[in-house]
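Chain by chain, the residues:
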Amino acid sequence: MKITLANAEAALDEVQRDADKLHSRELRKAIAEYIETQRAALKAVRKKLH
């Protein structure tokens, strides 16, 4: 499970890098908010596992 969580975090980092290249400020903001929500969810899952 730890490997899968690490992969999820890496995927979020990749999405963030790709989103930073977008021209639309609103879209970048929406994606950033979604990424933060997903990071919080990953943190909660990580906490439950330990």
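Scroll up for the structure.
All values reported here derive from a predicted model rather than from experimental measurement.

**Some remarks on the overall build of the chain**
- For the chain, the count of helices and strands is two helices and zero strands.
- In terms of overall size, the chain is more extended than a compact globule, its C-alpha atoms giving a radius of gyration of 12 Å where 50 residues would be expected to give roughly 10 Å.
- Seen through its C-alpha atoms, the chain measures out along the principal axes to roughly 40 × 15 × 5 Å.
- Summing over all exposed atoms, the chain offers an accessible surface of approximately 4300 Å²; the carbon and sulfur share of this is 58%.
- Seen as two clouds, the 11 positive and the 8 negative side-chain charges of the chain have centres 7 Å apart.

**Structural notes on the environment of Leu12**
- Here Leu12 is to be found in helix H1 (residues 2–19).
- Taking the C-alpha atoms as reference, Leu12 lies 18 Å from Glu26; in sequence the two are 14 residues apart.
- If we skip the residues at most four places from it in the chain, Leu12 touches Ile35, Gln38, Arg39 and Leu42.

**Observations regarding the pattern of salt bridges**
- The final tally for this structure, using the stated rule, is three salt bridges.
- Across the pair Arg46 and Glu9 runs a salt bridge, and its minimum N-O distance is 3.0 Å. Here Arg46, found in helix H2 (residues 25–49), pairs with Glu9, found in helix H1; they are 37 residues apart in sequence, far enough to count as distant.
- By relative accessible area, which is 31% here, Glu9 ends up partly exposed.
- Ionic pairing is found between Arg39 and Glu36, a salt bridge with its closest N-O pair at 3.9 Å. Residue Arg39 and its partner Glu36 are located together in helix H2, separated by three residues, close to a single helical turn.

Calculation rules
Residues numbered from 1 in each chain as written. Predicted model: local features only at pLDDT ≥ 70, side-chain atom pairs only at ≥ 80, totals over all residues. Heavy atoms only, no water. Helix = DSSP H or I, 4+ residues; strand = E, 2+ residues; numbered from the N terminus. Rg over C-alpha atoms; globule rule 2.2 N^0.38 Å. Areas by Shrake-Rupley, 256 points an atom, 1.4 Å probe, with all protein chains shown as cover. Lys, Arg positive; Asp, Glu negative; His and termini not counted. Charge placed at Lys NZ, Arg CZ, Asp CG, Glu CD. Contact = heavy atoms within 4.5 Å. Salt bridge = Lys/Arg side-chain N within 4 Å of Asp/Glu carboxyl O. Buried < 20%, exposed > 50% of the residue type's maximum accessible area, 1.4 Å probe, protein only.

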